[in-house]
Amino acid sequence: MLQRPDRPTAIFAGSDIQAMGVLRAARQCGLRVPEDLSVIGYDNLPVSAWTDPALTTINQPLRDMAGIATQMLLDLTRGNEPATSRIDLVTELVVRESTAPPALPH
């Protein structure tokens, strides 16, 4: 995909680990991140700040997720039904060095 003439200008990976694989594949294809390709991960793993370039990512509220899941599980074990089966938590874009506006066509 990265070697095609109509290659993407950006890739949004499903996780930071996958995004790190994209960074490596881009480097192997001779592409510069973010000049030739923007890369975004999802998780905000601590190591994502240490990649080269530092990875733009989506921060998930993992502690909140774990706390709410634990509370729901405890309620269930006590015989109480959870108040809801769906809870939406806020995510946050963490902009680092792996993204830029797409280059203008020549």
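Residues numbered from 1 in each chain as written. Predicted model: local features only at pLDDT ≥ 70, side-chain atom pairs only at ≥ 80, totals over all residues. Heavy atoms only, no water.

Undergrad: In this structure, what is going on with the overall build of the chain? I would like to understand it.
TA: Per the secondary structure count, the chain includes 2 helices and 4 strands. Seen in sequence order, the chain has helices and strands lined up from the N terminus as β-α-β-β-α-β. Here the C-alpha atoms of the chain give a radius of gyration of 18 Å, more than 25% beyond the 13 Å that 2.2 N^0.38 yields for 106 residues. Taken along its principal axes, the extent of the C-alpha atoms in the chain is 65 × 25 × 20 Å. Out of the 106 residues belonging to the chain, those deemed buried represent 28%. Long-range contacts, defined here as pairs at least 24 residues apart, represent 66% of the contacts in the chain between residues at least 6 apart. A total of about 7,500 Å² of accessible surface is found on the chain, and carbon and sulfur atoms cover 57% of it. When the 9 basic and 12 acidic side-chain charges of the chain are each reduced to a single mean position, those positions are 6 Å apart. (Helix = DSSP H or I, 4+ residues; strand = E, 2+ residues; numbered from the N terminus. Rg over C-alpha atoms; globule rule 2.2 N^0.38 Å. Buried < 20%, exposed > 50% of the residue type's maximum accessible area, 1.4 Å probe, protein only. Contact = heavy atoms within 4.5 Å. Areas by Shrake-Rupley, 256 points an atom, 1.4 Å probe, with all protein chains shown as cover. Lys, Arg positive; Asp, Glu negative; His and termini not counted. Charge placed at Lys NZ, Arg CZ, Asp CG, Glu CD.)

Undergrad: For this particular structure, what's the right way to read a nonpolar patch on the surface?
TA: A surface patch of nonpolar side chains, amounting to about 320 Å² of accessible area, comprises L62, M65, I87 and L89. Residue position: L89 is located in the loop between α2 (62-77) and β4 (92-94). (Patch = residues over 30% accessible without salt bridge, like charges linked within 9 Å, V, L, I, M, F, W, Y side chains within 5 Å. Salt bridge = Lys/Arg side-chain N within 4 Å of Asp/Glu carboxyl O.)

Undergrad: In this structure, what is going on with the environment of V22? I would like to understand it.
TA: Its place among the elements puts V22 in helix α1 (residues 16-28). Here V22 falls in the buried class, since its relative accessible area comes to 15%. For the pair V22 and Y42, spaced 20 residues apart in the sequence, the C-alpha separation amounts to 13 Å. Setting aside its immediate chain neighbours within four residues, V22 contacts I11, L37 and V39.

Undergrad: Would you take a moment to explain the side chain of D36 for this structure?
TA: Counting through the fold element by element, D36 comes out in the loop between α1 and β2 (38-40). Setting aside residues up to four positions removed in sequence, D36 forms contacts with R7, P8, T9, G30 and L31.

Undergrad: Teacher, can you tell me more about α2 here?
TA: Along an α-helix, residues three or four positions apart point the same way, because every turn accommodates 3.6 residues. The end-to-end C-alpha separation of α2 is 22 Å, in line with the 22 Å expected for 16 residues at 1.5 Å each. Directly beyond the C-terminal end of α2, a positive phi value near 85° is found at G79. (Expected span 1.5 Å × (residues − 1).)

Undergrad: Quick question: what am I supposed to make of unusual backbone geometry here?
TA: Note: most peptide bonds trans; most residues except glycine with negative phi. Going from V33 to P34, the amide bond is cis rather than trans, its omega being 10°. The topology assignment puts P34 in the loop between α1 and β2. The amide bond that connects D52 to the next residue, P53, takes the cis arrangement and shows omega of 0°. You will see that D43, though not glycine, has its phi angle at about 145°, which is positive. Tracing the backbone through its elements, the reader meets D43 in the loop between β2 and β3 (57-59). You will see that N44, though not glycine, has its phi angle at about 60°, which is positive. Of note, N44 is situated in the loop between β2 and β3.

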